[in-house]
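Analysis of the macromolecular model
Chain by chain, the residues:
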Amino acid sequence: MSQCDCSTTKRGCARESETEDTAAETKRLRLESRCSMRSCSVDEWLEAFSHWSSPNKYRALNGLIHLCDSTLLKHTLEQIQLQFQRDFISLLPRELALHVLSYLDPEDLLLAGQTCSTWHMLCEDELLWKDKCMQDETAFKSYGKKSNLNIKNPWKQVYFTKQRIKHNWRNLDVAATNRMKTLKGHDDHVVTCLQFSDQHIVSGSDDSTLRVWCAITGKHLQTLNGHIGGVWCSQFDGSRVVSGSTDRSLRVWDVETGNCFYVLEGHSSTVRCMAMIGNTVVSGSRDATLRVWDIESGQCTQTLQGHLAAVRCVKYDGKVVVSGAYDFLVKVWSPEDGVCLHTLQGHTNRVYSLQFDGIHIVSGSLDTSIRVWKAETGQCLHTLTGELSMIPPRSFMEVIRDDAEVQ
């Protein structure tokens, strides 16, 4: 190549380099100018951004993300998450919102109720908590019972009362918390019957006495002396105690003073069972009869005769008397006129226990079966079998001890 050509090439390269430097400097100045404009007019930039096409918006956002440090990215993420959050529960109709909330566990309902006032109102719905009670097999009769829980929703109150009782039975170490009290007073005699209220416990024994204890402190308050035979049954309404004994009598006591109001005599054998509603007591005896007493006056108002063997159990709802006896029979009586309304036949051995809710009668027998009857007609609705032997009522087995201690 000639010297002239080389000089021409060098001059061309120089001009190209100068052109590139000039373009770079121009671009830099233009960017600085734009950045200066943007730093002082963010609102204008945002206004312009809103009119850009989607591809340009994507490009701008990607560029901004690359320019942000971790703190700014974290702030951006929080703002983005808020944009995607929606309070769908508040937006739904009430019926649909409650249906969605019904799938939550009670613990989750409590947490959800703390979200906002709308959620709190929904989570306090009575029908919602009634459904939770039914799922937990809480007895319907628990509705409206008093509790020391400060909860306005009655079904919610029922649920938590039930859960607290269940927790205490399953987990509370009674001995460790010093809550167990042993009430001693009947010496070496068997405790045959037990009644209690919020304030008092009344125990009866085959030592011929009843004892009254403070249910809160366990302190012995009264000894009810008067029977000359073992006490086998009792009833307690909070202020009066009625006891039945092997001496064939009933006695009516004042629980506060220990005074005996009346001695009710008429049975010719052991008074084995009784039921009390208000001023009326119905007693069953081994003499195969039942007697209806007015404990306000101390008078026997009716004698119910019809059983052929000892009366073992009796229930009374204020209108109808139901009795079970060793003659394998269950009888339904009118206490007003002493008429036997129905004789329920079916058991093949002695009837030992009864339950009665005013509509249905449930009887348990030594024949190891349980029968359900309709009280109005005397019809046997169900026969439940499967027990291998007679099972004493659980409530009594928990309180009768061979060492005559009430716990």
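Tracing the backbone shows I228 in the loop between β4 (220-224) and β5 (231-236). Distance in space between the C-alpha atoms of I228 and T246 is 8.0 Å, their sequence separation being 18 residues. Residues within four places of I228 in sequence aside, it is in contact with S208 and D247.

Further remarks concern unusual backbone geometry. Most peptide bonds take the trans configuration, and most residues that are not glycine carry a negative phi. Positive phi, normally seen in glycine, also occurs at D187, with a value near 55°. Mapped onto the secondary structure, D187 falls in the loop between α10 (154-171) and β1 (191-196). Judged by relative accessible area, which is 59%, D187 ranks as exposed. The phi angle at F328 is positive, at roughly 75°, despite the residue not being glycine.

Here we come to the sheet that holds strand β17 (residues 351-356). The strand order across the open sheet built from four strands is β17-β18-β19-β20, with neighbouring strands paired in antiparallel fashion. A single partner strand is all that each edge strand has here, and the edge strands are β17 and β20 (380-385). When strand polarity is set aside, the average angle formed by the axes of neighbouring strands in this sheet is 20°. When β17 meets strand β18 (residues 360-365), the two strands line up antiparallel, connected through five bridges. If you follow V351 over to β18, its bridge partner there is S365.

Another aspect to go through is a nonpolar patch on the surface. A contiguous nonpolar surface patch, about 320 Å² in accessible area, is contributed by F88, L92, L96 and V100. With respect to the element layout, V100 can be found in helix α6 (residues 94-101).

It is worth spelling out the sheet that holds strand β12 (residues 299-305) at this point. Strand order in the open sheet formed by four strands is β9-β10-β11-β12, with antiparallel pairing between adjacent strands. This sheet does not close on itself; its edge strands, each paired only once, are β9 (271-277) and β12. Strand-to-strand twist in this sheet, taken as the mean axis angle between neighbours without regard to direction, amounts to 20°. Pairing of strand β10 (residues 280-285) with strand β11 (residues 289-294) involves five bridges; the strand directions are antiparallel. Opposite S283, over in β11, you have R291 as the bridge partner.

Rules used in this analysis
- Residues numbered from 1 in each chain as written.
- Predicted model: local features only at pLDDT ≥ 70, side-chain atom pairs only at ≥ 80, totals over all residues.
- Heavy atoms only, no water.
- Helix = DSSP H or I, 4+ residues; strand = E, 2+ residues; numbered from the N terminus.
- Contact = heavy atoms within 4.5 Å.
- Buried < 20%, exposed > 50% of the residue type's maximum accessible area, 1.4 Å probe, protein only.
- Pairing = 2+ DSSP bridges.
- Axes fitted to C-alpha atoms, helices over the stretch in contact; angles between N-to-C directions.
- Patch = residues over 30% accessible without salt bridge, like charges linked within 9 Å, V, L, I, M, F, W, Y side chains within 5 Å.
- Areas by Shrake-Rupley, 256 points an atom, 1.4 Å probe, with all protein chains shown as cover.
- Salt bridge = Lys/Arg side-chain N within 4 Å of Asp/Glu carboxyl O.

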